[in-house]
Amino acid sequence: MSAPQEPRPSGLKNPQAAVRGLGAGTLALETVVLLLMVAPLKTIAGDGSGPAIIMVLVLAVLAIVLAGTMKRSWAWAGGTLLQVLLLLGGFLHWTLAAVGVIFGLTWVYVLHVRRTILG
């Protein structure tokens with residue numbers, strides 16, 4: 001029988017900071033994409049775009065706040081909640097659900113990397 005394998009070191013000097021940076025970078029990119037959605041959403045949805053645009057702006061503010069608080073353990077759960085809220089935004093307009101799927105899958109990958117590096 002082989003001996004139990006020890007977790008492989010990541011090779012990073014500060015793995016916690018690297019993982020926080022990955023989470024914050026993902027949320028910052030999501031903020032940019034959300035803000036860039038406003039003009040096309042207004043064009044596509046027309047007069048009924050008000051609630052969807054308000055939701056996009058609220059989620060963008062939430063994403064940037066979470067990106068700045070990645071040192072806190074609750075920020076990771078907040079990032080997951082953000083993805084769920086974005087998916088639920090699909091009830092206001094389908095484009096929110098489409099972006100929610102993309103960033104939801106991205107967030108699942110970020111959580112996987114976090115678990116792999118930090119254990």
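Residues numbered from 1 in each chain as written. Predicted model: local features only at pLDDT ≥ 70, side-chain atom pairs only at ≥ 80, totals over all residues. Heavy atoms only, no water.

Under an unreviewed UniProt entry, the name given to the protein chain is DUF4233 domain-containing protein, and the organism recorded is Actinoplanes campanulatus.

*Asks:* A description of the overall build of the protein chain should follow, citing residues and the corresponding values.
*Replies:* When helices and strands are counted, the protein chain shows 4 helices and 0 strands. Ordered by position from the N terminus, the helices and strands of the protein chain form the series α-α-α-α. Its C-alpha atoms put the protein chain at 65 × 30 × 20 Å along the principal axes. Within the protein chain, buried positions represent 33% of all 119 residues. When contacts within the protein chain are restricted to residue pairs at least 6 apart in sequence, those whose partners lie at least 24 apart make up 68%. As presented, the protein chain carries roughly 7,600 Å² of accessible surface, and 69% of it is formed by carbon and sulfur atoms. (Helix = DSSP H or I, 4+ residues; strand = E, 2+ residues; numbered from the N terminus. Buried < 20%, exposed > 50% of the residue type's maximum accessible area, 1.4 Å probe, protein only. Contact = heavy atoms within 4.5 Å. Areas by Shrake-Rupley, 256 points an atom, 1.4 Å probe, with all protein chains shown as cover.)

*Asks:* Explain the UniProt feature "transmembrane region" (unreviewed entry) in the protein chain to me, and be specific about the residues and the numbers.
*Replies:* Here, the residues flagged by UniProt with the feature "transmembrane region" (unreviewed entry) are residues 21-39, 51-69 and 81-110. A distance of 29 Å separates the end C-alpha atoms of residues 21-39, which is 100% helix and 0% strand. What you have in residues 81-110 is 83% helix and 0% strand, and the ends, taken at the C-alpha atoms, are 14 Å apart. (UniProt positions renumbered as here; feature names shortened; annotations may be inferred.)

*Asks:* With reference to specific residues and values, describe the nonpolar core.
*Replies:* Counting 25 residues, the largest nonpolar core has Leu27, Leu34, Met70 and Leu96 as its most contacted members. Elements supplying a minimum of two residues to this core: α1 (15-45), α2 (50-68), α3 (74-88) and α4 (94-118). Per element, the largest residue contribution to this core is 9 residues, and it comes from α2. Sequence-distant contacts of Leu27, that is, excluding residues within four places in its chain, are made with Ala63, Leu66, Ala67, Met70, Leu82, Gln83 and Trp107. (Core = buried A, V, L, I, M, F, W, Y, C linked by side-chain atoms within 4.5 Å.)

*Asks:* Talk me through α3; I want residue IDs and the actual numbers.
*Replies:* Taking 1.5 Å as the rise per residue, α3 with 15 residues should run 21 Å; its terminal C-alpha atoms sit 21 Å apart, in good agreement. The set of residues buried in α3 consists of Ala75, Trp76, Gly78, Gly79, Leu82, Gln83 and Leu86. Buried residues along α3 cover an arc of 160° about the axis, so they all sit on one side. Looking at the packing, one finds that the buried side of α3 touches α1, α2 and α4. (Expected span 1.5 Å × (residues − 1). Arc of directions from axis to C-beta.)

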